[in-house]
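Now for the letters of each chain:
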Amino acid sequence: CIRDSFKTNVNGVTFMPSPHSNVNQHHLQYFKFVGRIVAKALMDNHQLDAYFTRSFYKHILGQPLTYHDMEDIDPSYYKNLKWILENDVSPLELNFSYEDNTFDQHVIIDLIPNGRNILVTEENKQDYVREICYATVSYT
């Protein structure tokens, strides 16, 4: 169903692709269909009462993401990423991976090759924040 292909941000105002849309074998066709509807409305100068996240627009335009793009999706997550960049991360013992619990299945996903074995340090924390942002936005 098209409705399941998108999710709203934390505030429920803007839309982005759902991280679970791929459970439907036709999800790419749904995205193509929605894209055509949006394009047709824009070409005919019709305004849509639907808004997408800044990161989704950037993805469409091929522009790089920053951690600031996360603020639109989840303000508290954005604050955590900002804290990581502004503080010493060594006590946190973070690594270049994250946990996903999709459909009651717990998996660890590496952000970079062998990421679960690479600690986040002061020297590489900007790389970590960039990778986790792309994983959160692009792959979800």
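Residue indices follow the written sequence of each chain, beginning from 1 at its first position. Thresholds applied to this predicted model are a pLDDT of at least 70 for local features of residues and 80 or more for the giving and counting of side-chain atom pairs; totals over whole chains, interfaces and linings are not thresholded and use all residues. Side-chain numbers come from the whole structure's heavy atoms, not from hydrogens or water.

## What about helix α1 (residues 27-43)?
Consideration 1: Between the first and last C-alpha of α1 there are 24 Å, a value that for 17 residues agrees with the 24 Å anticipated at 1.5 Å per step.
Consideration 2: Along α1, the positions that sit buried rather than exposed are His27, Val34 and Ala41. For α1, the buried positions fall inside an angular range of 50 degrees around the axis, keeping them on one side. Facing away from the buried side of α1 by over 90 degrees, the exposed positions are Leu28, Gln29, Lys32, Arg36, Lys40 and Met43.
Consideration 3: Numbered from the N terminus, helices here are DSSP runs of H or I no shorter than four residues, and strands are runs of E no shorter than two. Positive phi shows up at Asn45, right after α1, with a value of about 60 degrees. Helix span is expected to be 1.5 Å times the residue number reduced by one. The buried label applies to any residue whose accessible area, calculated with a 1.4 Å probe on protein chains only, is under 20% of its type's maximum; exposed applies above 50%, and partly exposed to all values in between. By construction, the arc corresponds to the directions joining the helix axis to the C-beta atoms.

## A look at the packing of aromatic side chains
Consideration 1: Two rings belonging to Phe, Tyr or Trp (six-membered ring only in the last case) form a pair when the distance between their centres is within 6.5 Å. Interplanar angles under 30 degrees mark stacking, angles over 60 mark edge-to-face geometry, and anything in between is tilted. A complete count under the given rule lists 2 aromatic pairs for this structure.
Consideration 2: Taking 5.5 Å as the distance between ring centres and 10 degrees as the angle between the ring planes, the aromatic pair formed by Tyr67 and Tyr78 counts as stacked. With Tyr67 in the loop between α2 (54-61) and α3 (70-73) and Tyr78 in helix α4 (residues 75-86), this residue pair connects regions lying 11 residues apart in the sequence.
Consideration 3: Overall, the relative accessible area of 18% leaves Tyr67 in the buried class.
Consideration 4: Relative to Tyr128, the ring of Phe96 lies with its centre 5.7 Å away and its plane at 85 degrees, an arrangement referred to as edge-to-face. Of this pair, Phe96 sits in the loop between α4 and β3 (97-102) while Tyr128 is found in helix α5 (residues 125-138), placing the two residues 32 residues apart along the sequence. Assigned by exposure class, Phe96 and Tyr128 land together as buried.

## What to know about the confidence of the model for the chain
Consideration 1: You can read pLDDT as the predictor saying how much it trusts each residue, on a scale of 0 to 100. For the chain, the mean per-residue pLDDT works out to 83, and 83% of the residues sit at or above 70.
Consideration 2: Mean pLDDT values for the elements of the chain range from 68 in strand β1 (residues 6-8) up to 94 in α4.

## A look at α2
Because an α-helix packs 3.6 residues into every turn, residues spaced three or four apart end up facing the same way.
Consideration 1: Those residues of α2 that fall on the buried side of the exposure criterion are Ser55, Phe56 and Lys58. Seen end-on, α2 carries its buried residues on one side only, within an arc spanning 160 degrees. Among the exposed residues of α2, those oriented more than 90 degrees off its buried face are Ile60 and Leu61.
Consideration 2: Downstream of α2 by a residue or two, Gly62 has a phi angle that is positive, lying close to 75 degrees.

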